[in-house]
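Architecture at a glance
Below are the chains, spelled out letter by letter.
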Amino acid sequence: MKFLTTNFVKCPIKGCQSSLDAFPLKYEECQLAQEEQEYNPEFLCHMLERLDWNAILKVAHDLGNDSLPPTKPEDLDPIMEDDQAILKDLHTLLLETQVVDGKMVCKNCQHIYYIKNSIPNFLLPPHLC
Amino acid sequence: MSRPEQIAPPEVFYNDTESYKYTSSTRVQHIQAKMTLRALELLNLDKDAPHFLLDLGCGSGLSGEILTEEGYNWIGMDISANMLATALDREVDGDLFLSDLGNGVPFRAGTFDAAISISAIQWLCNADTANVDPKKRLLTFFNTLYSSLRRGGKFVAQFYPMNDSQTESILGAAKIAGFGGGLIIDDPESKRHKKYYLVLTAGMSERNINLEGAEMDAPEIKKKINKKLRRKLETSKEFVNRKKETMRRRGKNVANDSKFSARKRRPRF
């Protein structure tokens, strides 16, 4: 699962739909891997506007990275030379960083979702459906 | 041809052998590719801008591969672990999720620009265990999908309905969730090549759905209303004659028609 995806996943359990704690999930005991991806600055800029930067900071903290800037980089241009360095960094962080194994915990209902072979398991037991 | 939905639940049906068979069949690959491209054509996304798509029931990533080829980033969801394992082996580009569509789409609001689904949502119409209600599952699915799409986001789903009531329940659930749109039927004359596409939009969008070549199915709808209306408007004589005709067709003994059939009796009788 790409780091980018962590910024969109929330707990699917009904009781957590309206809770603010259901997003982002808490990441524990995660193993990360770097996997090379095609660099696409247009897509990055497109996604940047809908990113929740606070959630990114929280998840990055869970995964052991505290070196991110506290505010979201804005007004980036995919063609401008000056912005390329930031975009390249974002690309490495968001798309090339993969969570291979680990646990995701919903902060509201404490349900644990396991990630195996970079596939998170969101199947719910019958009593939570 | 038997329908896989009636054999076993999806996570059981698509086991190792079945997902291998499914993915390695060139015929299935060809059909899936064709349907994915048709779904993308219906979505009518701006080719120059990047998009983030959701593939519901992605399976082994046959449709995802097309999405990657067309330059889209995507996330795939499927309930069959074996299918997803096959997808991992094939090294597809999108992120994969093991999840039941009927339990909802686990993404926050406004995540995706669009969503597609190829041959998947008919599985939602089946109750595989005693404690599930297909209607509820469809509603949860469409509700969470609606919220995970951006305003103006579009959803195209190809599916194989077993009968008209399945189509109706799917359309009904989509409507309740707030989607606008309807059903497009490709090749309606051919029984084998007929394909159903559910085409939905979440809110208004600047770019409409590509409906080129689609014909409105107005006459059929009119016919339906007519039939109901006709029943309401028919006289008692017409009613009796219709009933007699039906009984005759069923081989019952029916009195012959005459000028006295269904006539009102005089009050003095």
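Since the model is a prediction, treat every value here as computed from it, not as a measurement.

Looking at chain B, the domain boundaries give domain 1 (4–224) and domain 2 (234–262). A separation of 48 Å is found between the C-alpha centroids of domain 1 of chain B and domain 2 of chain B.

Let's shift gears to the side chain of histidine 91 of chain A. Residue and element names in this part refer to chain A. Within the secondary structure layout, histidine 91 lies in helix H4 (residues 84–96). Assessed through its relative accessible area of 4%, histidine 91 is described here as buried. Not counting the four nearest positions on each side in its chain, histidine 91 is found in contact with Gln37, Glu38, Tyr39, Leu44 and Glu96.

By secondary structure assignment, the location of isoleucine 115 of chain A is in strand S3 (residues 112–116). Along the sequence, isoleucine 115 of chain A and methionine 104 of chain A sit 11 residues apart, while their C-alpha atoms lie 7.5 Å from each other.

Further remarks concern a negative patch on the surface. A cluster of like negative charges, contributed by Glu35 and Glu38 of chain A together with Asp89, Glu91 and Asp93 of chain B, occupies part of the molecular surface. As for its placement among the helices and strands, glutamate 38 of chain A is situated in the loop between strand S1 (26–34) and helix H2 (41–48). For glutamate 38 of chain A, a relative accessible area of 72% gives the class exposed.

Let's shift gears to the interface of chain B and chain A. Between chain B and chain A, the residue contacts involve 28 residues of the former and 31 residues of the latter. Taking both partners together, chain B and chain A bury about 2,400 Å²; carbon and sulfur atoms supply 59% of that area. The interface formed by chain B and chain A includes 2 salt bridges. A salt bridge links aspartate 95 of chain B to lysine 2 of chain A; the nearest nitrogen and oxygen atoms lie 3.8 Å apart.

Glancing now at the sheet that holds S3 of chain A. All names here are of chain A. Judged by pairing direction, the sheet is antiparallel, and its 4 strands sit side by side in the order S1-S2-S3-S4 without closing on themselves. Only two strands of the sheet have a single neighbouring strand rather than two, namely S1 and strand S4 (119–120). Across 4 bridges, the pairing between strand S2 (residues 97–105) and S3 is antiparallel. Bridged to methionine 104 within S3 is tyrosine 113. Seen against the sheet, H4 touches S1 and S2 and runs at an angle of roughly 50 degrees to S2.

Now for the packing of H2 of chain A against H4 of chain A. All names here are of chain A. One way to put it is that H2 packs onto H4 with a least axis distance of 10 Å and a crossing angle of 75 degrees. Taken together, the axis directions place H2 and H4 in an arrangement best described as roughly perpendicular. Packed against H2, whose contacting residues are Pro41, Phe43, Leu44, Cys45 and Leu48, the element H4 presents Leu87, Leu90, His91, Leu94 and Leu95 at the interface. Class assignment for the residues of the contact of H2 with H4 results in 9 nonpolar, 1 polar and no charged.

With that settled, consider the pattern of salt bridges. Residues and elements named next belong to chain B. The full count for this structure, using the stated rule, is 16 salt bridges over all chains. Across the salt bridge formed by arginine 242 and glutamate 234, the nearest N and O atoms sit 2.7 Å from each other. Arginine 242 sits in the partly exposed class, given a relative accessible area of 25%.

All names here are of chain B. On the surface, Lys227, Arg230, Arg231, Lys243, Arg249, Arg250 and Lys252 cluster together into a positively charged patch. Sorting the residues of the positive patch by element identifies helix H9 (218–233) and helix H10 (236–249) as the ones contributing at least two each. Sort the elements by how many residues they give to the positive patch and H9 lands first, with 3 residues. Here lysine 252 is to be found in the segment after H10.

What follows concerns unusual backbone geometry. One can expect most non-glycine residues to show negative phi and most peptide bonds to be in trans. Residue and element names in this part refer to chain A. The step from phenylalanine 23 to proline 24 runs through a cis peptide bond, and the omega angle for that step is -5 degrees. Within the secondary structure, proline 24 sits in the loop between helix H1 (3–6) and S1. Positive phi is not limited to glycine here, since glutamine 110 has a value of about 65 degrees. Mapping glutamine 110 onto the fold places it in the loop between S2 and S3. Positive phi values are uncommon outside glycine, yet serine 118 reaches one of about 60 degrees.

Here we come to the packing of aromatic side chains. In this description, an aromatic ring pair is defined by two values, namely the gap between the centres and the angle between the planes. Scanning the model with the defined rule gives 16 aromatic pairs over all chains in all. Arranged with centres 5.5 Å apart and planes meeting at 20 degrees, the rings of phenylalanine 122 of chain A and phenylalanine 97 of chain B form a pair that is stacked. Here the residue phenylalanine 122 of chain A occupies a position in the segment after S4, and phenylalanine 97 of chain B occupies one in strand S3 (residues 95–98), the pair thus bridging two chains. For the pair shown, phenylalanine 122 of chain A and phenylalanine 97 of chain B are each scored as buried. Taking 6.2 Å as the distance between ring centres and 50 degrees as the angle between the ring planes, the aromatic pair formed by phenylalanine 159 of chain B and tyrosine 196 of chain B counts as tilted. Taken together, the positions of phenylalanine 159 of chain B in strand S5 (residues 149–159) and tyrosine 196 of chain B in strand S7 (residues 195–202) put the pair 37 residues apart, joining distant regions of the chain.

Basis of the calculations
- Residues numbered from 1 in each chain as written.
- Chains lettered and ligands numbered in written order.
- Predicted model: local features only at pLDDT ≥ 70, side-chain atom pairs only at ≥ 80, totals over all residues.
- Heavy atoms only, no water.
- Domains from an automatic or database assignment.
- Helix = DSSP H or I, 4+ residues; strand = E, 2+ residues; numbered from the N terminus.
- Buried < 20%, exposed > 50% of the residue type's maximum accessible area, 1.4 Å probe, protein only.
- Contact = heavy atoms within 4.5 Å.
- Patch = residues over 30% accessible without salt bridge, like charges linked within 9 Å, V, L, I, M, F, W, Y side chains within 5 Å.
- Areas by Shrake-Rupley, 256 points an atom, 1.4 Å probe, with all protein chains shown as cover.
- Salt bridge = Lys/Arg side-chain N within 4 Å of Asp/Glu carboxyl O.
- Lys, Arg positive; Asp, Glu negative; His and termini not counted.
- Charge placed at Lys NZ, Arg CZ, Asp CG, Glu CD.
- Buried area = accessible area lost by both parts, 1.4 Å probe.
- Pairing = 2+ DSSP bridges.
- Axes fitted to C-alpha atoms, helices over the stretch in contact; angles between N-to-C directions.
- Parallel < 35°, antiparallel > 145°, perpendicular 65-115°, else oblique.
- Nonpolar A, V, L, I, M, F, W, Y, C, P; charged D, E, K, R; others polar.
- Phe/Tyr/Trp six-rings, centres within 6.5 Å; stacked < 30°, edge-to-face > 60°.

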